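Survey of secondary and tertiary structure
Here is what each chain is made of, one letter per residue.
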Amino acid sequence: MATWDDVRRIALALPETTERGSYDDLPAWRVRDKMFVWERPLRRADLDALGDAAPDGPILGVRMPDLGAKEAVLADDPAVHFTVPHLDGSSVVLVRLDRIEVAELTELITEAWFARAPKRLAAAHRADA
């Protein structure tokens, strides 16, 4: 299963990615100052909303391209991907880091990077791949 070291390695391998603390000074990765993945522990309201279904362990926030992509990921594997009421209406999906395979994590992080990267940078990266 994946670790924070995997997240860091995958994210920093993408062009113009930097690592800088989020609003809570937790690890976060950005492309041209737009956050695309970050550590996102559950807050009290999240725990209250999820009740007994609240996962423990490390949680990664991932910015998806749109709500449709978010819904698809959530439907794919609810044991790995989930959301909380606070994120309703946003394209952010939460990932149980200790339950995701590194290959799938790589796909999610890359998709998140493409969702936030400027169009020219994304196009150049696609051309290089």
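Refer to the preceding data block for the structure.
Residues numbered from 1 in each chain as written. Predicted model: local features only at pLDDT ≥ 70, side-chain atom pairs only at ≥ 80, totals over all residues. Heavy atoms only, no water.

**Side note on the overall build of the chain**
In terms of helices and strands, the chain carries five helices and six strands. Helices (α) and strands (β) of the chain occur, in sequence order from the N terminus, as α-β-β-β-α-β-α-β-β-α-α. Its C-alpha atoms give the chain a radius of gyration of 14 Å, within 12% of the compact-globule value 14 Å for 129 residues. Its C-alpha atoms give the chain principal-axis dimensions of roughly 45 × 30 × 25 Å. Sorting the 129 residues of the chain into buried and exposed places 40% on the buried side. Contacts in the chain between residues at least 24 apart in sequence constitute 53% of all its contacts with a sequence separation of at least 6. Carbon together with sulfur atoms contributes 51% to the accessible area of the chain, which is approximately 6900 Å² in total. Here the chain contributes 17 positively and 23 negatively charged side chains, and the mean placements of these two sets differ by 8 Å. (Helix = DSSP H or I, 4+ residues; strand = E, 2+ residues; numbered from the N terminus. Rg over C-alpha atoms; globule rule 2.2 N^0.38 Å. Buried < 20%, exposed > 50% of the residue type's maximum accessible area, 1.4 Å probe, protein only. Contact = heavy atoms within 4.5 Å. Areas by Shrake-Rupley, 256 points an atom, 1.4 Å probe, with all protein chains shown as cover. Lys, Arg positive; Asp, Glu negative; His and termini not counted. Charge placed at Lys NZ, Arg CZ, Asp CG, Glu CD.)

**A short note on the sheet that holds strand β1 (residues 17-19)**
Pairing is antiparallel in the open sheet, where six strands are placed in the order β1-β2-β3-β4-β6-β5. On the outer flanks of this sheet lie β1 and β5 (81-82), each paired with one strand and no other. Helix-sheet contacts for helix α4 (residues 102-116) involve β1, β2 (28-31), β3 (34-39), β4 (59-63), β5 and β6 (92-96), and the interaxial angle to β3 is about 150°. (Pairing = 2+ DSSP bridges. Axes fitted to C-alpha atoms, helices over the stretch in contact; angles between N-to-C directions.)

**What about the pattern of salt bridges?**
Side-chain pairs of opposite charge can arise whenever the charged atoms involved come near each other. If you walk through the whole model with that rule in mind, you get 10 salt bridges. Between R8 and E19 there is a salt bridge, with its nearest N and O atoms 2.9 Å apart. Pair noted here: R8 is in helix α1 (residues 4-12) and E19 is in strand β1, with a separation of 11 residues, a long-range link. Residue E19 is classed as partly exposed on the basis of its relative accessible area, which comes to 34%. For D33, the salt bridge identified is with R20, shortest N-O distance 2.8 Å. Residue D33 is located in the loop between β2 and β3, and its partner R20 is located in the loop between β1 and β2; the two are separated by 13 residues in the primary sequence. Owing to a relative accessible area of 43%, R20 belongs among the partly exposed residues under this scheme. (Salt bridge = Lys/Arg side-chain N within 4 Å of Asp/Glu carboxyl O.)

**Points about helix α5 (residues 119-128)**
Along α5, the residues that are buried comprise L121, A122 and H125. Taken around the axis of α5, the buried residues stretch over an arc of 100°, which confines them to a single face. Facing away from the buried surface of α5 by more than 90 degrees, the exposed residues are K119, R120, R126 and A127. Lining the buried residues of α5 we find β2 and α4. (Arc of directions from axis to C-beta.)

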